[in-house]
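Listed here are the chains, written in short residue letters.
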Amino acid sequence: MSNNIIEVRELKKYYPVQGGVFKRHIADVKAVDGVNLAIKKGECLGLVGESGCGKTTLGKTILRLNQATEGRIYFNEPEEKVEEVEKLLSSESREERSRGQKLRQKIDITKFYGRKLLPLRQKIQIVFQDPSNSLNPRMLVKGIIAEPLIAQKLMNAREIEKRVIELLYTVGMAKEHMMRYPHEFSGGQRQRIAIARALATYPEFVLMDEPTSALDVSVQAQILNLLQKLQADFKLTYLFVTHHLLVVKHISNRIAVMYLGKIMETGTTDDIFEDTHHPYTRALLSAIPIPDPETKMEKIILTGDVPNPVNPPKGCRFNPRCKYAKTVCREAEPELEKAAGNHFVACHRWKEL
Amino acid sequence: MQKLIEARDVYTNFFTFEGVVKALNGVSIIVNQGETYGLVGESGCGKSVTVRSIMRIVQSPGRIVGGKILLFLSREDKGQGIDILKRSEAYMESIRGNDISMIFQEASTSLNPVLSIGYQVAESFLLHRLDEMLKETIDTLKAEIESGKLFITGWWKKFQGLLFKAELKGLERYTDMVAGIDRRLYELEDSTDKISIDERNHLNRKRDRLKKTVFVVQCVRHLPFIKHYGKKLHKTIRIHVIDLLKELGVPNPQNVPDMYPHELSGGMQQRIVIAIALACHPKLLIADEPTSNLDVTIQAQIIDLIKNLKSTSIASVLFITHDLGLVAEMCDRVTVMYAGDACETAAVKDLFKEPLHPYTKGLLRSVPKLKAQKELESIPGTVPNLIHPPSGCRFHPRCPHAKDICSEDKPPLTEHSEGHFIACYLYT
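The rules behind the values
- Residues numbered from 1 in each chain as written.
- Chains lettered and ligands numbered in written order.
- Predicted model: local features only at pLDDT ≥ 70, side-chain atom pairs only at ≥ 80, totals over all residues.
- Heavy atoms only, no water.
- Helix = DSSP H or I, 4+ residues; strand = E, 2+ residues; numbered from the N terminus.
- Rg over C-alpha atoms; globule rule 2.2 N^0.38 Å.
- Contact = heavy atoms within 4.5 Å.
- Areas by Shrake-Rupley, 256 points an atom, 1.4 Å probe, with all protein chains shown as cover.
- Buried < 20%, exposed > 50% of the residue type's maximum accessible area, 1.4 Å probe, protein only.
- Buried area = accessible area lost by both parts, 1.4 Å probe.
- Salt bridge = Lys/Arg side-chain N within 4 Å of Asp/Glu carboxyl O.
- Polar contact = N/O pair within 3.5 Å; in protein donor to acceptor, adjacent residues only side chain to side chain.
- Nonpolar A, V, L, I, M, F, W, Y, C, P; charged D, E, K, R; others polar.
- Expected span 1.5 Å × (residues − 1).
- Pairing = 2+ DSSP bridges.
- Axes fitted to C-alpha atoms, helices over the stretch in contact; angles between N-to-C directions.
- Disulfide = S-S within 2.5 Å.
- Right-handed = clockwise from strand over helix to strand, strands pointing away.
- Phe/Tyr/Trp six-rings, centres within 6.5 Å; stacked < 30°, edge-to-face > 60°.
- Lys NZ or Arg CZ within 6 Å of the ring centre and 35° of its normal.

Student: Help me understand the overall build of chain A in this model?
Tutor: Scanning chain A for helices and strands turns up 13 helices and 11 strands. In summary, chain A has a C-alpha radius of gyration of 22 Å against a globular reference of 20 Å for 353 residues, a match within 12%. Its C-alpha atoms give chain A principal-axis dimensions of about 65 × 65 × 50 Å. Of the contacts formed within chain A by residues at least 6 apart in sequence, a portion of 65% connects residues at least 24 apart. Carbon and sulfur atoms make up 50% of the accessible area of chain A, which amounts to about 16,300 Å² in all.

In structure tokens form, the structure reads like this:
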């Protein structure tokens, strides 16, 4: 088995914009526009970015909740196999490319449909942002947590009940909470229920879509601690989507910074926080309010807003807001470049800065 | 330091169907002139209710049931302060937006989607600075007439100037009076005693007379020359609006007044809300979580803007937030609130260096920090239901140092060291 649990290659997700009398397709909202990402087994990858940069779309596309427009996603495939397919797909000869396509049908999860998705759904799960919206108000907690088990047909009724009780204890709740409705719980407890539901089918990979942004600080700390404990206990892999940088710093091993549908910088948490290369990451980091009046960091204040993803700026996407932008930034789009070890930057001028 | 506003033992309750929610349990805060005052706490701890009580805009079924809110304006109080809870609604209307103004949490919901930005910003100019604006309009008109741009002969000139002044100012006053009478009539609607019936009849007659006057004035408004002056007034205000937007860093301020809120991004909407609040150069700006649903980079822009404004045009800021990072960055003094109690008040530096109240300590420990740490400490338990709040100190069920006395009596706010107030029995 390979090192990477998820490998994303050239992933694109466009939402069509329709207009005119006949609802013609006039443009695309390029929510995710060519993302390469690898998530290692057992790690917690933090995905950071402003709202509207496509981080949730990326996460949902990986989970196959959205159908990808283009690109490949491999889940738990051996590295050699992935490399082989990629090589075939990018080769010159037509024959090899078609052979690659055939191989890809078997392992690329964007090509899975219907019954083939069922075992995949068991292994990848999601915790949504706002627990008051993601739990069905008409279902008992028992029903909510049991639902994925019933859908997967993994156990019989008696085993399911046992599993639900076990799950409630693992997330720090009690057996008697089973026969209650979601509205009877506080925000933190609801999020615990959502986590229990995500863990029900013994997943390997869990997408955390801003799980603490609707919670208060003291509750947020409880949930973050719980998530860390669960990760260690069940050897889970997290993709932690958030806009809160201090939370990411606390929980992640590796961070990917996203801006307007593209990855701008990836690296280990220390790389990103101490050896920042990309000017956008720098601005993002300097904008965090630090709860300590003694440390005063120099603020880099970005002007303007995130541009419209329907027609992103030409060249580097960040150039209209970047104070180091030069002609090359306005013309050519930078690729992800290796800066050191596991640290990649998509910037033309990171060496000079 | 001179006090600007003081809330003294304010109790606010919400009389809901389920029971009485005791949202504020004797909160005292003092905002001095020229400082940025922070109010922190988790959601539901009463931060917003505190400032709403200060502005007297607590929504029904909420009511301020006790305490004093003293406003120290240099105008009329002679150092004693005016208790605004005892003043009339009309007085409050003259204060709100003029001396104290407020930025609400979500810019997108606090702007009216069917009115243009220009109209919404101009509203507070029309309400509070009409005299100034009229004077300015008349001055520009005079200048135009003298320079020959506008051709009006002798007696018309005098006649129109007078009529214009009387008319435009008068109409607002009359409509206000009618609105006041309507409100009073609504209050008297159900009462049956003789005095109120007499009053009702009297008011009805008065209202009819006023309505007639308003009608006449409104007709006069449509006369060609008068109409022209009315337009001039709006033009003058528009210039002020554009100046204000420019000052707040809104890109192309000339076009923005004609736009509608949905055409702007979240950060821009928040700037417009700030513009409305700043139109009359208030002495106190209350910012109720102004950045809570903005991105970090936009948040940094808005915070920077408020900081700049603080050094130029507003005297004091009362800043409400749940983000301890923002408090550390913005504020001079801060009050930590928990479940309707003010636990601790201190200068920001003291609070972060030496938190005393067990809740403050817990809160500070549970925030993720820049330095690496293994596990976050959290406060066990959850915020209590305020219909049946815990007796005594409201934090005692979650407090690791709770003693017997904590569950019996509410701890008084005492001064621990200079400027550091704390409500906890550990320090008395």
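Okay, back to it.
Student: I keep staring at the overall build of chain B and nothing clicks. Help me out?
Tutor: Within chain B, the secondary structure is distributed over 13 helices and 12 strands. Of all 428 residues assigned to chain B, the portion counted as buried reaches 50%. In chain B, the proportion of contacts linking residues at least 24 apart, taken out of those at least 6 apart, comes to 66%. With an accessible surface of roughly 21,200 Å², chain B has 54% of that area assigned to carbon and sulfur atoms.

Student: In this structure, what is going on with the interface of chain A and chain B? I would like to understand it.
Tutor: By a frequent convention, interface size equals the accessible area lost on bringing the separate parts together. At the interface, 38 residues of chain A touch 40 residues of chain B. Roughly 3,200 Å² is buried in total at the junction of chain A and chain B, and carbon and sulfur atoms are behind 60% of that figure. Area buried by chain A at its contact with chain B is led by A:Pro289, A:Pro291 and A:Pro293, which between them contribute 17% of it. Inspection of the chain A/chain B interface yields one salt bridge. The partner of A:Lys299 in a salt bridge is B:Glu329, and the shortest N-O contact between them spans 3.1 Å. If you look at where chain A meets chain B, you find eight residue pairs in polar contact (both at pLDDT 80 or more). Partitioned by chemical class, the residues of the side of chain A that touches chain B number 18 nonpolar, 11 polar and nine charged.

Student: Would you explain helix 7 (residues 157-170) of chain A in this entry?
Tutor: Residue pairs spaced three or four apart in an α-helix point in one direction, given the helix's 3.6 residues per turn. All names here are of chain A. Look at helix 7: 20 Å from first C-alpha to last across 14 residues, which is about the 20 Å you get at 1.5 Å a residue. Turning to helix 7, its buried residues are Ile 160, Arg 163, Val 164, Ile 165, Leu 167 and Leu 168. At its buried positions, helix 7 is contacted by helix 6 (141-152) and helix 8 (187-199). Gly 172, located one to two residues past helix 7, shows a positive phi value of around 80 degrees.

Student: For this particular structure, what's the right way to read the side chain of B:Glu289?
Tutor: All names here are of chain B. Relative to the helices and strands, Glu 289 resides in the loop between strand 7 (284-288) and helix 10 (296-312). The buried category is assigned to Glu 289, whose relative accessible area is 8%. What Glu 289 contacts, discounting residues up to four positions off in sequence, is Lys 47, Gln 105, Ile 320, Thr 321 and His 322.

Student: Would you explain the sheet that holds strand 4 (residues 62-71) of chain B in this entry?
Tutor: All names here are of chain B. Spatial ordering of the open sheet is given by 2-1-4-5, a layout of four strands whose pairing is antiparallel. Here the strands that pair on one side only, and so sit at the sheet edges, are strand 2 (20-32) and strand 5 (82-83). Against the sheet, helix 1 (residues 47-55) contacts strand 1 (3-15), strand 2 and strand 4, and its axis sits at roughly 70 degrees relative to strand 2.

Student: Which parts of the structure should I look at to understand the sheet that holds strand 4 (residues 70-75) of chain A?
Tutor: Hydrogen bonding along the main chain pairs the strands of a sheet, whether they run parallel or antiparallel. All names here are of chain A. One open sheet accounts for three strands, arranged 2-1-4; its pairing is antiparallel. Both edges of this open sheet fall to strand 2 (24-40) and strand 4, since each of them pairs with a single strand only. Strand after strand, the sheet turns through a mean of 20 degrees between neighbouring axes, direction not considered. With five bridges joining them, strand 1 (residues 4-19) and strand 4 adopt antiparallel strand pairing. Its bridge partner being in strand 4, Val 8 is matched across the sheet by Ile 73. In the packing of helix 1 (residues 55-62) onto the sheet, the strands contacted are strand 1, strand 2 and strand 4, and the crossing angle to strand 1 comes to about 115 degrees.

Student: It is not clear to me how the state of the cysteines should be interpreted in this structure. Could you clarify?
Tutor: A covalent bond between the sulfur atoms of two cysteines is what we call a disulfide. Scanning the entire structure with this criterion turns up zero disulfides over all chains. Just so you know, A:Cys316 is unpaired, no disulfide at all, and the nearest cysteine sulfur is the one on A:Cys329, 5.9 Å from it. Looking at the unpaired B:Cys424, the closest cysteine sulfur is the one in B:Cys399, lying at 6.0 Å.

Student: Help me out: how do you make sense of the pairing of strand 7 of chain B in this one?
Tutor: The two faces of the sheet receive side chains in turn, since in a regular strand these alternate between them. All names here are of chain B. Burial within strand 7 is extensive, with five of its five residues counted as buried. Residue alternation in strand 7 divides its side chains into two sets, Leu 284, Ile 286 and Asp 288 and Leu 285 and Ala 287, and both sets are buried. Across four bridges, the pairing between strand 6 (residues 100-103) and strand 7 is parallel. The partner of Met 102 across the bridge, within strand 7, is Ile 286. Both strand 7 and strand 8 (residues 316-321) contribute to a ladder of five bridges, which runs parallel. Bridge pairing in strand 8 places Leu 284 opposite Ser 316. Read as a crossover between parallel neighbours, the route from strand 7 over helix 10 to strand 8 is right-handed.

Student: Explain unusual backbone geometry here, please?
Tutor: One can expect most non-glycine residues to show negative phi and most peptide bonds to be in trans. Cis geometry is found at the peptide bond from B:Ser60 to B:Pro61, where omega equals 5 degrees. By the element assignment, B:Pro61 lies in the loop between helix 1 and strand 4. Although it is not a glycine, A:Glu210 sits at a positive phi angle of roughly 45 degrees. With respect to the helices, strands and loops of the structure, A:Glu210 is situated in the loop between strand 6 (205-209) and helix 9 (217-234). The phi angle at B:Ala339 is positive, at roughly 45 degrees, despite the residue not being glycine. With respect to the secondary-structure elements, B:Ala339 resides in the loop between strand 9 (333-338) and strand 10 (341-347).

Student: What is the right way to look at the packing of aromatic side chains in this model?
Tutor: The description of an aromatic ring pair uses the distance of the two centres, along with the angle that the planes make with each other. Residue and element names in this part refer to chain A. One pass over the full model with this rule turns up six aromatic pairs over all chains. Taken together, Tyr 259, Tyr 280 and Phe 318 form an aromatic cluster joined through their ring pairs. Lying over the aromatic face of Tyr 15, Lys 13 brings its terminal NZ or CZ to 4.9 Å of the ring centre. For the cation-ring pair, Arg 163 lies above Tyr 202, with the distance from its terminal atom to the ring centre recorded as 3.9 Å.

Student: Even after reading the chapter, I still don't get the environment of A:Arg254, so can you show me in this structure?
Tutor: Residue and element names in this part refer to chain A. The topology assignment puts Arg 254 in strand 8 (residues 254-259). The residues touching Arg 254, leaving out its near neighbours within four places in the chain, are Ala 38, Ile 39, Lys 40, Glu 43, Cys 44, Leu 45, Gly 46, Gly 267, Thr 268 and Thr 269. Among the polar contacts made by the side chain of Arg 254, one reaches the side chain of Glu 43 at a distance of 3.0 Å.

Student: Sorry if this is basic, but what is going on with helix 1 of chain B here?
Tutor: Residues and elements named next belong to chain B. Within helix 1, eight of the nine residues are buried, which leaves the element mostly enclosed by the surrounding structure. Among all positions of helix 1, only Lys 47, Val 49, Thr 50, Val 51, Arg 52, Ser 53, Ile 54 and Met 55 are buried. Of the residues trailing helix 1, Arg 56 is marked for its positive phi of about 55 degrees.

Student: I would appreciate a short explanation of the environment of B:Ile5 in the present structure.
Tutor: Residues and elements named next belong to chain B. The residue Ile 5 is located in strand 1 in this model. Looking at Ile 5, the relative accessible area reads 1%, which means it is buried. Placed 78 residues apart in sequence, Ile 5 and Asp 83 show a C-alpha to C-alpha distance of 9.9 Å. Ignoring sequence-local partners within four residues, the contact set of Ile 5 consists of Ile 29, Ile 30, Val 31, Ile 54, Ile 69, Leu 70, Leu 71, Phe 72, Ile 100 and Leu 284.

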